[in-house]
Amino acid sequence: MTKIGILVGSLRKESFSKKVAANIAELFPKGFETEFIEIGNLPLYNQDYDDKNNVPAEYTTFRNKIKELDAVLFVTPEYNRSVPAVLSNAIDVGSRPKVANVWNDKPASIISHSPGNLSGFGANHHLRQILVCLNMPVVQQSEAYLSNVAALLDENGKVKNEGTIQFLQSVVDTFVDLIKRYEVSSFVFIKHMVAYLE
Ligand code: FNR
């Protein structure tokens, strides 16, 4: 079973990001399982915790949870033309200590949205920049931006427009394809290593 962690850049109860993410979670094929990863409980990152070996229990739980994942899906709004602090904080927590960066090598996909026309472009691209630093291979195309997000959802939070469902399915399919290609290349690498050591 391939494990996909979903990180949402909003803590709001009625968050559009959460609703969109719940719709996307249902689009993964057999053999893939999704899990929403809690990030609202993480204390603000402070390097002293790691430097003084006094890490909050929430950090350890979160880091172990990310380590178990095969890939990560980010669904986020834009805050002040960038990544919401709660998501940025979670990423920072997972990225340190640097030698133990839990994001390393995990394929990722980004979906941004906004209630207006901008579609979270700023957040989407700032997040891409961060994921480069974390060494996460990210789906390049198609980029996924959802504008006027409220109009895409019905009163139960379900995406109501067939064209949007098809678009989200194509986003998931491209992500699954990246994950599979990555699994194959990791497998080939391990096989070569084993052959080399024998
Ligand atoms: C926003 N919002 C917003 N929207 C946008 O398109 N560009 C932006 O730069 C911002 N900046 C911003 C900053 C802050 C602090 C807040 C609280 C909100 C509006 C935002 O897109 C809207 O509240 C979304 O509904 C937030 O996503 P969730 O909570 O619905 O997932």
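As shown above, the structure is provided for reference.
Keep in mind it's a predicted model, so treat the numbers as computed, not measured. For every chain, the first residue of its written sequence is number 1, and the numbers climb from 1 along that sequence. The predicted nature of this model means local features are confined to residues of pLDDT at least 70 and side-chain atom pairs, given and counted, to a pLDDT of 80 or more, with totals for whole chains, interfaces and linings taken over all residues. With hydrogens and water excluded, all non-hydrogen atoms of the structure serve as input to the side-chain values.

Novice: How should I be thinking about the overall build of the protein chain in this particular structure?
Specialist: Here a helix means four or more residues in a row that DSSP labels H or I, a strand means two or more in a row labelled E, and each is numbered from the N terminus. The helix and strand inventory of the protein chain stands at six helices and five strands. Moving toward the C terminus, one meets the helices and strands of the protein chain in the order β-α-β-α-α-β-α-β-α-β-α. In terms of C-alpha radius of gyration, the protein chain reaches 17 Å, essentially the compact-globule figure of 16 Å for 198 residues. When its C-alpha atoms are laid out on the principal axes, the protein chain stretches across 55 × 40 × 25 Å. Throughout, the radius of gyration refers to the C-alpha atoms, and the reference size of a globule is 2.2 Å times the residue count to the power 0.38.

Novice: Please clarify how the nonpolar core should be interpreted in this entry.
Specialist: Nonpolar side chains in soluble globular proteins tend to end up buried together. In this description, a nonpolar core means a group of buried Ala, Val, Leu, Ile, Met, Phe, Trp, Tyr and Cys residues linked to one another through side-chain atoms lying within 4.5 Å. Each residue is assigned to one of three classes by its accessible area relative to the maximum for its type, calculated with a 1.4 Å probe on protein chains only: buried under 20%, partly exposed between the two thresholds, exposed over 50%. Ile-4, Ile-24, Phe-28, Leu-73, Val-75, Ile-111 and Phe-175 are the most contacted members of the largest nonpolar core, which has 28 residues in total. Elements that contribute at least two residues to this core include exactly β1 (2-8), α1 (16-25), β3 (71-76), β5 (144-146) and α6 (162-197). For this core, the element with the most residues is α6, which contributes seven residues. In this structure Phe-175 touches Ile-4, Phe-28, Ala-71, Val-72, Leu-73, Pro-107, Ala-108, Ser-109 and Val-139, once residues within four positions along its chain are discounted. Listed in part, the 24 residues of the second largest apolar core include Ile-66, Leu-87, Val-102 and Leu-134. We call two residues in contact when some of their heavy atoms are within 4.5 Å.

Novice: Sorry if this is basic, but what is going on with the sheet that holds β1 here?
Specialist: Each strand in a sheet pairs with its neighbour through backbone hydrogen bonds, running either in the same direction (parallel) or in the opposite one (antiparallel). Ordered by their spatial adjacency, five strands build an open sheet running β2-β1-β3-β4-β5, and the pairing between neighbours is parallel. The strands lining the two open edges of the sheet, one partner per strand, are β2 (32-36) and β5. Across the sheet, the axes of successive neighbouring strands diverge by a mean angle of 20°, strand direction being ignored. Here a strand pair is declared whenever DSSP counts at least two bridges between the two strands. Pairing geometry for β1 and β3, over five bridges, is parallel. Following the sheet pairing, Leu-7 is matched in β3 by Phe-74. Against the sheet, α1 contacts β1, β2, β3, β4 (108-113) and β5, and its axis sits at roughly 140° relative to β3. Where helices are involved, their axes are fitted lines through C-alpha atoms of the stretch in contact, as for all axes, and angles between N-to-C directions lie from 0 to 180°. Here helix α5 (residues 121-133) sits on the sheet in contact with β3, β4 and β5, set at roughly 160° to β4.

Novice: Explanation requested: the site of the ligand in the structure shown.
Specialist: Inspection of the region around the ligand gives 13 residues, with Ser-10, Arg-12, Ser-15, Ser-17 and Arg-81 positioned closest. What qualifies as a polar contact is a pair of N or O atoms within 3.5 Å, subject to a donor-acceptor requirement within protein and to the restriction that residues adjacent in sequence count only when both atoms come from side chains. Taking Arg-12, its side chain carries an N or O atom lying 2.7 Å from an oxygen atom of the ligand. Here a nitrogen atom of the ligand and a side-chain polar atom of Glu-78 are 2.8 Å apart. Areas reported here follow the Shrake-Rupley algorithm with a probe of radius 1.4 Å; residue values treat only the protein chains shown as occluding. Burial of the ligand by the surrounding chains reaches 72%, relative to a free accessible area of 620 Å². All amino acids are sorted into three groups, where Ala, Val, Leu, Ile, Met, Phe, Trp, Tyr, Cys and Pro are nonpolar, Asp, Glu, Lys and Arg are charged, and the leftover types, Gly among them, are polar. Partitioned by chemical class, the residues of the shell around the ligand number four nonpolar, six polar and three charged. We call a residue near a given molecule or strand whenever any one of its heavy atoms falls within 4 Å of it.

Novice: Looking at this model, I keep getting lost on the pattern of salt bridges. Mind explaining?
Specialist: Where charged atoms of side chains with opposite charge meet at close range, the side chains can pair. Here, a salt bridge means any Lys or Arg side-chain nitrogen found within 4 Å of an Asp or Glu carboxyl oxygen. One pass over the structure, following the stated rule, counts seven salt bridges. Close ionic contact of Glu-26 with Lys-158 constitutes a salt bridge, the shortest N to O distance being 3.0 Å. Placement of Glu-26 in the loop between α1 and β2 and of Lys-158 in the loop between β5 and α6 is noted, with a sequence separation of 132 residues between them. Residue classification places Lys-158 among the partly exposed residues on the basis of a relative accessible area of 37%. Here Arg-81 and Glu-78 are joined by a salt bridge, their closest N and O atoms 3.4 Å apart. Exposure remark for Arg-81: the relative accessible area of 53% places this residue in the exposed category.

Novice: Quick question: what am I supposed to make of the packing of helix α3 (residues 57-67) against helix α4 (residues 85-95) here?
Specialist: Packed helix pairs are specified by the crossing angle of their axes together with the interaxial distance, meaning the distance between the axes. Axis separation between α3 and α4 bottoms out at 9 Å; the angle between their running directions is 80°. Viewed along their axes, α3 and α4 adopt a mutual orientation that is roughly perpendicular. Seen from α3, the contacting residues are Tyr-59, Phe-62 and Arg-63; seen from α4, they are Ala-90, Val-93 and Gly-94. Each angle gets one of four labels, with under 35 degrees taken as roughly parallel, over 145 as roughly antiparallel, 65 to 115 as roughly perpendicular, and the rest as oblique.

Novice: Help me understand the packing of aromatic side chains in this model?
Specialist: For any pair of aromatic rings, geometry is given as the distance between the ring centres together with the angle between the planes. Pairs were defined over the aromatic rings of Phe, Tyr and Trp, the Trp ring being its six-membered one, requiring ring centres within 6.5 Å. Orientation was assigned from the angle between planes: stacked under 30 degrees, edge-to-face over 60, tilted for the rest. Following the criterion strictly, the structure yields seven aromatic pairs and no others. Ring geometry for Tyr-49 against Tyr-59: centres 5.6 Å apart, planes inclined by 85°, an arrangement best described as edge-to-face. Of the two residues, Tyr-49 is situated in helix α2 (residues 47-51) and Tyr-59 in helix α3; the sequence distance between them amounts to ten residues. For Tyr-59, a relative accessible area of 0% puts it in the buried group. For the ring pair Phe-62 and Trp-103, a centre distance of 6.0 Å and an interplane angle of 65° mean the geometry is edge-to-face. Residue Phe-62 is found in helix α3, and its partner Trp-103 is found in the loop between α4 and β4; the two are separated by 41 residues along the sequence. Accessibility expressed as a relative area gives 0% for Trp-103, which makes it buried. In this structure an aromatic cluster arises from ring pairing among Phe-28, Phe-32 and Phe-175. Distance and angle both matter: a charge sits over a ring if NZ of Lys or CZ of Arg is within 6 Å of the ring centre and within 35 degrees of the ring normal. When the ring centre of Phe-16 is taken as reference, the NZ or CZ atom of Arg-12 above it lies at 5.3 Å.

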